[in-house]
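Here is what each chain is made of, one letter per residue.
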Amino acid sequence: LLYSKALSHATTGSEELAVCFANRSAALFHLGQYQVCLEDIDRALDSGYPDQLMYKVLLRRAECLLQLQRTQEATQVLGELEEKLASQHSLFSNKFQAVLTHIKDLKALVPNHQSNGVTTDSPNDQLQDLELCSQNPKISNASSAISVHLSTAKGRHLVAAEDISLGQTLVKEEAFVSVLIPEKRPLPAYSVERNWDTEVGNEEQHCHHCLLQVIASVPCQACSYTIYCSYKCRDKAQQDYHWAECILGNILLTLGVFANLALRATLVAGFAQVNRLVQEYYRDPEEKRNLLETREILHSSVEHPGKTEDHIPGCDTNGVYHSSYQAIFSLLPHSEHQTPEHRFLCGFTAAALCRKLQEMGLDVAVVGQKVPAEQCNAATAAEWSPELRALGVAMHRHILQLQCNAQGVCTIRATGIGCYAVECREQVRVASALFPVLSLMNHSCDPNTSVSFQGQTAVVRAVKLIKEAQEVSHCYGPHCSRMRVKERLQLLRSQYFFTCQCRACLQEQESEVKSILSFCCVHCRAPLQGEDVLYCLTAACTFTADRSRLMFQLQDVQLRVSKAQELLDAGNSDQAILLLEDCRREGRSFLSPEHTVLAQIEDCLAQAHAACANWSAAAKHLQRSIQSVEAHHGSSSVELGHELFKLAQIFFNGCFLTDAVGTIAKAEHILTLHYGPQHEMVQELQQMKACVTGLPGMKAVLKGDIS
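Each residue is numbered by its place in its chain's sequence as written, counting from 1. For this predicted model, a pLDDT threshold of at least 70 governs which residues receive local features, and a threshold of 80 or more governs which side-chain atom pairs are given and counted, while totals over whole chains, interfaces and linings are taken from all residues. Values reported for side chains reflect all heavy atoms of the structure, with hydrogen atoms and water molecules removed beforehand.

Caption draft 1: Geometry of the overall build of the protein chain. A count of helices and strands for the protein chain gives 26 helices and 15 strands. Only protein chains enter the accessibility calculation, which uses a 1.4 Å probe. A residue is then buried if its area is under 20% of the maximum for its type, exposed if over 50%, and partly exposed in between. For the protein chain, the residues scored as buried account for 48% of the 707 residues in total. Considering only contacts in the protein chain between residues 6 or more positions apart, those separated by 24 or more positions represent 62%. Only the protein chains shown count as cover for residues, and the accessible areas themselves come from Shrake-Rupley with a 1.4 Å probe. Here the protein chain displays about 35500 Å² of accessible surface, and carbon together with sulfur accounts for 52% of that area. What counts as a helix is a DSSP run of H or I of at least four residues, what counts as a strand is a run of E of at least two, and both are numbered from the N terminus. Two residues form a contact once any of their heavy atoms are found within 4.5 Å.

Shown next, in the form of structure tokens:
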């Protein structure tokens, strides 16, 4: 980590840069990251690594190649090293003999060298299962199983063109543009003693171009903020947009992710296309009104068979909806629903970007031919050029669009629990992006698809059976298993400007029973209902309670659970267990059995017992938590898949082999449905299954259990 930070501040072409790459390669070798180590060695050599130290990286390269079972290449590297040593005499005699002995030892390992099981798969290999079964001729990056429709009630939306099966990949789309979300961290406290900053945020863990997680970063050659996973990503970013963003520097961090996305979209598209669309869209108010009216004509697959994609905004002249800037530009900004204050702020942000481009002389390069910024003289004219105004109009439109059309890009990160014997995974938002095809999908509080990400590639899979002509939907955030219908409707209206009419919302509004039960009667354990004063649903019971008092009691329990988690993180498992048991006893006295807080307590108890290697108790508590998770989220939900993944690890570590196999199968099925077979969690489950089923006599035991 510290070597990576040093690389971001090293001068391009300096010896320090080469030495940092080489030293980081040594750390990567000891971590078993042999392929990445080889890449850093190449970077060190390309950066001018000193000749007198060359033997170090060449020896390390040979060792990596042996570990990767590339013995022929290893032999060649050792031969080159021997020739170099023979022609140079820069080493002391004792060091020279030590290097020769090391070479001899490595050569002896070549014939029978065995791999230690380290995988060398590239992150791109994980995309192989994302290929679509058949490409849609009318929608780029989409399956032929779906089609795009337009209606006055739903706007543009996706519909099943045929029956869609569970797990079927419907969309695989790379973001048109994406921007990492910087993590906010407090400034370090002043101290006389120097403490190295080893905390990392999203911006230091992911490539700023492709968003893949970075083990060994490649820094930008001009700024210390931006990093990449490879020279390829760095060069592509520099060519498309970073040539301008790098010079703007902190202004983009100050204005925020949406401003950065708006600028980047115009830079990637190129000014010629931006200007053309601005002129077409804003050339005449009356013509614009007529164009909008034409586009709002109701299209139906019944009334217009085979023509549902015609005249749909964002399509080209052939009626094909591409993942393109034209599709991005066609997304609705919903400016009529935005508050005047918000519209002003968006306009001010776009104007600030234009002014900064002008001040730094970048406006000439952006609207004309791209040339190095240092060759552009800063503009002094008070009036903006028509080209710069067109650029500002486009950026203003994009900033307005992003409230409803920006897609959060999420990744699954592991957080250690049970002293890292069992891993807990959580979903973390790392970037915001624009996906033209994904933006066609409407919201449902109980969606029939799941969206996952591999870098900046979004993959949409069916998590339910979807009948022909049924709408294909995904969740914008408010889900029926996590939020009451009243809260969902309020959030969707405030951010997306529509009233949800999905089946889940309609059913909950018609039902007299609340969708999420919170409190129960202290006498008969029946649910409590009401507003300020709660009453028992059992007719014979007269118990009542004040909601505010129960909410205060609930908050107190939650605070103590948080304290127990702190104790657990600090390694005080025994104290954490005592506090959690007390919280569970109190919670059971007034909370419904399916309450999420009780599930959280059981999950924390499982973590605490796993930390003590008490696998039986850990499994018992986690199974109770799983019952609540399944009741809330469903039997095929990703939340249940994550919990089953933890339970499989507990059974595996505790050597409860038959239970482990059954749990692994359930978790693998659910996680494959949501993430695909190449996801790291699915791969780990498959490795556990292979380990268990490979034990002597285990196949016969499992066969007997099944029969």
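Caption draft 2: Helix 4 (residues 54-67), seen in detail. With 14 residues, helix 4 ought to run about 20 Å at 1.5 Å a step, and its terminal C-alpha atoms sit 20 Å apart, in line with that. Taking burial as the measure, the 14 residues of helix 4 include twelve buried ones, the bulk of the element. Of all the positions in helix 4, only Met54, Tyr55, Val57, Leu58, Leu59, Arg60, Arg61, Ala62, Cys64, Leu65, Leu66 and Gln67 are classed as buried. The span one expects for a helix is its residue count, reduced by one, times 1.5 Å.

Caption draft 3: Quick look at the packing of aromatic side chains. Ring pairs shown here join Phe, Tyr and Trp side chains whose ring centres sit within 6.5 Å, with only the six-membered ring taken for Trp; geometry is labelled stacked below 30 degrees between planes, edge-to-face above 60, and tilted in between. A full pass over the atoms with the stated rule returns eleven aromatic pairs. Summarising the aromatic geometry, the rings of tyrosine 476 and phenylalanine 498 are spaced 6.4 Å apart at their centres and angled 90° between planes, so their arrangement reads as edge-to-face. Of the two residues, tyrosine 476 is situated in the loop between strand 12 (471-474) and helix 17 (485-496) and phenylalanine 498 in the loop between helix 17 and helix 18 (503-510); the sequence distance between them amounts to 22 residues. Residue classification places tyrosine 476 among the partly exposed residues on the basis of a relative accessible area of 24%. Look at phenylalanine 651 and phenylalanine 656: their rings are 6.1 Å apart centre to centre, the planes differ by 90°, and that puts the pair in the edge-to-face class.

Caption draft 4: Up close: the sheet that holds strand 1 (residues 146-151). Each pair of strands is called paired provided DSSP finds at least two bridges between the two strands. Pairing in this open sheet of four strands is mixed, and the strands run 1-2-12-9 from one edge to the other. Two strands in the sheet have a free side with no partner beyond their single neighbour: strand 1 and strand 9 (442-443). Pairing of strand 1 with strand 2 (residues 155-160), which is carried by six bridges, proceeds in the antiparallel orientation. Along strand 2, the bridge assignment pairs valine 148 with leucine 158.

Caption draft 5: Geometry of the sheet that holds strand 14 (residues 533-536). Spatially, three strands are ordered 13-14-15 in an open sheet, and the strand pairing comes out antiparallel. Whereas interior strands pair on both sides, the edge strands pair on one side only; in this sheet they are strand 13 (528-530) and strand 15 (544-546). Across the sheet, the axes of successive neighbouring strands diverge by a mean angle of 35°, strand direction being ignored. Relative to strand 15, strand 14 runs antiparallel, the two being bridged by three bridges. Counterpart to valine 533 in the pairing with strand 15 is aspartate 546. On top of the sheet, helix 19 (residues 547-569) reaches strand 13, strand 14 and strand 15; it is set at about 65° to strand 15, its chief contact. Lines fitted to C-alpha atoms define the axes here, with helix axes fitted over just the stretch in contact, and angles between the N-to-C directions of these axes take values from 0 to 180 degrees.

Caption draft 6: Summary view of the packing of helix 1 (residues 2-9) against helix 2 (residues 15-30). With their axes 9 Å apart at the nearest point, helix 1 and helix 2 run at an angle of 160° to one another. With respect to each other, helix 1 and helix 2 are oriented roughly antiparallel. As for the relative orientation of helix 1 and helix 2, their crossing is left-handed in sense. Taking contact as the criterion, the partners of Tyr3, Ser4, Ala6 and Leu7 in helix 1 are, on helix 2, Leu17, Cys20, Phe21, Asn23 and Arg24. Lys, Arg, Asp and Glu make up the charged group, whereas Ala, Val, Leu, Ile, Met, Phe, Trp, Tyr, Cys and Pro make up the nonpolar group; the residues left over, Gly among them, are polar. Class assignment of the residues belonging to the contact of helix 1 with helix 2 gives a composition of six nonpolar, two polar and one charged. Here roughly perpendicular refers to angles of 65 to 115 degrees, roughly parallel to angles under 35, roughly antiparallel to angles over 145, and oblique to all remaining angles. Working rule for handedness: look at the near helix, and if it is turned counterclockwise from the far one by less than a right angle, call the crossing left-handed; if clockwise, right-handed.

Caption draft 7: Quick look at the nonpolar core. By size, the foremost hydrophobic cluster in this structure holds 56 residues, and its most contacted members are Ile164 and Tyr325. Setting aside residues no more than four positions away along its own chain, isoleucine 164 makes contact with Ala145, Ile146, Leu170, Ala462, Lys464, Leu465, Ile466 and Val472. Listed in part, the 35 residues of the second largest apolar core include Leu7, Leu38, Leu68 and Val110. Here, the term nonpolar core denotes a set of buried Ala, Val, Leu, Ile, Met, Phe, Trp, Tyr and Cys residues that are joined through side-chain atoms within 4.5 Å.

Caption draft 8: Spatial organisation of unusual backbone geometry. Even without being glycine, alanine 469 reaches a positive phi, approximately 80°. Assignment of secondary structure puts alanine 469 in the loop between strand 11 (457-462) and strand 12. With a relative accessible area of 60%, alanine 469 lands in the exposed category. The phi torsion at alanine 613 lies on the positive side, around 60°, for a residue other than glycine. Inspection of the secondary structure puts alanine 613 in the loop between helix 21 (596-611) and helix 22 (615-633). Alanine 613 sits in the partly exposed class, given a relative accessible area of 46%.

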